[in-house]
Amino acid sequence: MADLNTRPNISDADSFYAELMAVHDGLTKTQSDALNARLILLLANHVGDREVLSAALSAAARAAGVER
Amino acid sequence: MTKIFETPLYPYRRSADQDMLRPVRHPVVVIGAGPVGLAAAIDLACRDVPVVVLDDNDKVSFGSRAICFSKRTLEILDRLGCGERAVDKGVTWNLGRVFFDEREVFSFNLLPEEGHKRPAFINLQQYYLEQYLVERAREVAAQGKPLDLRGRNRVEAVGDHGDHVRLEIETPEGPYNIEADWLIACDGATSPMRRMMGLDFVGRVFEDNFLIADVVMEAEFPTERWFWFDPPFNRGQSALLHKQPDNVWRIDLQLGWDIDKEREKRPENVIPRIKQMLGEDAKFELEWVSIYTFQCRRMENFRHGRVLFAGDAAHQVSPFGARGANSGIQDTDNLCWKLALVLDGKAPESLIDSYNWERVYGADENILNSTRSTEFITPKSETSRAFRDAVLDLAEENAFARPLVNSGRLSVPCTYDEGPLNGPDATGLPARTRPGSAAADAPIGDGWLLDRLGEGFTLMAIDADIPDGVEDGGIAATPLRLSATDNPELAARYLGDASGAVYLMRPDQHIAARWTGFDDTAVAAALRRAAGRQ
Ligand SMILES: Cc1cc2nc3c(=O)[nH]c(=O)nc-3n(C[C@H](O)[C@H](O)[C@H](O)COP(=O)(O)OP(=O)(O)OC[C@H]3O[C@@H](n4cnc5c(N)ncnc54)[C@H](O)[C@@H]3O)c2cc1C
């Protein structure tokens with residue numbers, strides 16, 4: 001069983017972040033939301049592992065204090 | 001032309017029961033001659049259990065309603081003796097196409113695996129299925145089986161007397177009463193029985209309306225299931241086009257929540273909608289139009305003493321996935337052999353509780369699947385719509401997204417994992433035929449495995465030795481000896497890595513237990529357990 005990796009794992013973090021912002025440049029809120037949804041699905045499929053995905057979902061929910 | 005659904009098929013006839021001073025007692029009474037009640041009646045009568053069917057109508061279902069019938073239903077109909085007619089008349093299909101906006105995003109094949117007698121699905125109007133069931137019921141009765149179908153007999157009241165039920169029935173010639181040792185309520189989604197007994201029906205209604213139209217047209221469309229998300233002709237909503245026999249096409253158009261149902265149903269409003277979909281020049285005739293709000297709910301218990309609920313009366317699902325009639329017929333498949341054993345004194349009454357366990361399990365699986373489909377088709381928030389559309393946008397180019405597209409997960413029989421009647425499993429045998437599952441068909445000589453399973457229990461040996469008969473407490477398992485040599489399908493479905501196997505099959509063709517070799521005590525114990533005697 002693989003654990004959700006929450007330690008730094010992205011090389012060149014600043015450029016990744018800039019790229020993430022850049023792809024949203026000039027998009028409306030609706031277009032951005034759509035892009036985010038596609039991105040989440042692509043990344044989730046890449047991860048694949050159901051347990052890691054569940055861990056990521058609850059980590060994301062927890063961070064904003066909206067855990068159910 | 002008079003449509004089949006306008007012709008009385010089982011007109012009212014006076015029954016001798018109506019002239020008796022005291023109510024006549026019957027072993028089993030079925031309320032409702034829909035697909036589920038009729039299947040129950042045929043199954044019981046073929047097991048020599050006397051059965052009376054009461055229906056307040058005398059015709060088959062008005063309009064076509066259910067159109068997709070699954071492989072498992074066809075296999076059950078084969079056992080009941082009318083599978084062939086359904087398949088001969090039905091339209092067999094495998095290919096589904098999914099469209100989003102103006103483009104086709106992908107297509108799927110239901111991949112009918114080789115080596116099954118029946119296809120994954122056929123499309124057939126519900127009225128034809130009911131007609132074949134009524135005719136089969138007649139035929140069974142003519143052969144001397146105890147089946148009595150009474151049209152225009154409306155059940156007005158029931159009284160539960162512990163070991164029997166009393167029914168008050170209204171007919172064109174006035175009321176009469178009968179009694180039943182067991183009552184099976186197959187009286188549909190609005191079940192008057194449920195209401196009369198004050199029982200709940202918990203679940204949810206989806207805030208949406210669907211226009212369902214059957215149109216008759218000569219059209220070039222192929223025999224495929226076409227499903228649209230957000231098409232130009234029905235913006236923001238979904239649509240479905242599916243072929244039935246006699247050039248009848250099923251069209252579903254999602255309409256949304258805030259609509260005037262009566263207005264939308266009028267031909268002058270329906271026809272322009274359909275023209276937007278099929279083209280201005282399309283020539284068609286409306287056969288049947290209706291508007292539905294879909295719901296997913298079930299009764300908490302399908303058994304209440306001597307009253308059993310089956311079909312839509314017990315559970316209701318939205319039609320995406322074709323799980324309504326298909327699961328109702330599986331209810332009766334599960335129930336009738338158990339009732340026959342109990343009435344025969346060979347099994348305890350508690351065997352009937354396993355009907356409740358297994359079919360509630362099945363209903364929950366169906367409700368789960370159909371709720372998920374409905375949520376994909378009708379996203380309930382902006383975010384769920386964004387994800388839904390993201391899946392559809394990705395599906396065209398990215399294979400990974402296609403399994404996420406949910407336009408209905410089509411009905412397959414459920415496996416009663418952990419079911420109360422399941423016996424031991426053996427390691428190394430294929431997962432698909434584990435205890436609790438419906439037996440997978442396979443070719444045997446010139447015929448088929450499922451046709452070789454009898455009305456009772458079967459002890460199937462594949463490249464293993466078994467004795468001529470196994471019996472426990474008056475219940476026998478009929479031996480069936482097979483070899484998987486030169487039969488790769490049988491080997492793959494039942495042996496896996498093992499060199500031989502022994503399977504105990506229930507009368508409803510579900511697998512009770514299995515071993516890699518015969519053991520007298522183990523088989524007898526499994527037989528006892530499968531008959532609820534332990
Ligand atoms: C638009 C639509 C599409 C569908 N598509 C599919 C599909 O593709 N595949 C599928 O499997 N299912 C489908 N279904 C569901 C399917 O139609 C139902 O699940 C099925 O009809 C249920 O059968 P039933 O015998 O339980 O009830 P019903 O068919 O409703 O029969 C109940 C019977 O009980 C009788 N009755 C009621 N009250 C009394 C009384 N007091 N006394 C005597 N008799 C009484 C009625 O007259 C009726 O004949 C669809 C449904 C709809 C609406």
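Predicted model only: the values in this text are computed from it and were never measured. (Residues numbered from 1 in each chain as written. Chains lettered and ligands numbered in written order. Predicted model: local features only at pLDDT ≥ 70, side-chain atom pairs only at ≥ 80, totals over all residues. Heavy atoms only, no water.)

## Some details on helix 10 (residues 382-395) of chain B
Owing to its 3.6 residues per turn, the α-helix brings residues three or four apart onto one side.
Link 1 in the chain: With 14 residues, helix 10 of chain B extends 20 Å between its outermost C-alpha atoms, agreeing within 8% with the 20 Å of an ideal straight helix rising 1.5 Å per residue.
Link 2 in the chain: Ala386, Arg388, Asp389, Ala390, Val391, Leu392, Leu394 and Ala395 of chain B are the residues of helix 10 of chain B that are buried. (Helix = DSSP H or I, 4+ residues; strand = E, 2+ residues; numbered from the N terminus. Expected span 1.5 Å × (residues − 1). Buried < 20%, exposed > 50% of the residue type's maximum accessible area, 1.4 Å probe, protein only.)

## Considering the side chain of Asp333 of chain B
Link 1 in the chain: Mapped onto the secondary structure, Asp333 of chain B falls in helix 8 (residues 324-343).
Link 2 in the chain: Setting aside chain neighbours within four positions, we find Asp333 of chain B in contact with Asp43, Arg72, Ile76, Arg79 and Asp508 of chain B. (Contact = heavy atoms within 4.5 Å.)

## Let's talk about the domain arrangement of chain B
Residue and element names in this part refer to chain B.
Link 1 in the chain: You can read the domains of chain B as domain 1 (4-91 + 123-201 + 299-365) and domain 2 (431-530).
Link 2 in the chain: Distance between the C-alpha centres of domain 1 and domain 2: 29 Å.
Link 3 in the chain: Across the boundary between the two partners, domain 1 contributes 13 residues, which contact 13 residues of domain 2.
Link 4 in the chain: Of the roughly 1200 Å² buried between domain 1 and domain 2 on both sides combined, carbon and sulfur atoms contribute 46%.
Link 5 in the chain: Its largest share of buried area at the contact with domain 2, domain 1 owes to Arg72, Arg79 and Trp337, together 43% of the area lost on that side. (Domains from an automatic or database assignment. Buried area = accessible area lost by both parts, 1.4 Å probe.)

## With respect to a nonpolar patch on the surface
Residue and element names in this part refer to chain A.
Link 1 in the chain: Where nonpolar side chains cluster on the molecular surface, the patch consists of Ile10, Phe16, Tyr17 and Met21 and spans about 410 Å² of accessible area.
Link 2 in the chain: The residue Met21 is located in helix 1 (residues 13-24) in this model.
Link 3 in the chain: A residue is classified by how much of its surface remains accessible, and Met21, at 38% relative accessible area, is partly exposed. (Patch = residues over 30% accessible without salt bridge, like charges linked within 9 Å, V, L, I, M, F, W, Y side chains within 5 Å. Areas by Shrake-Rupley, 256 points an atom, 1.4 Å probe, with all protein chains shown as cover. Salt bridge = Lys/Arg side-chain N within 4 Å of Asp/Glu carboxyl O.)

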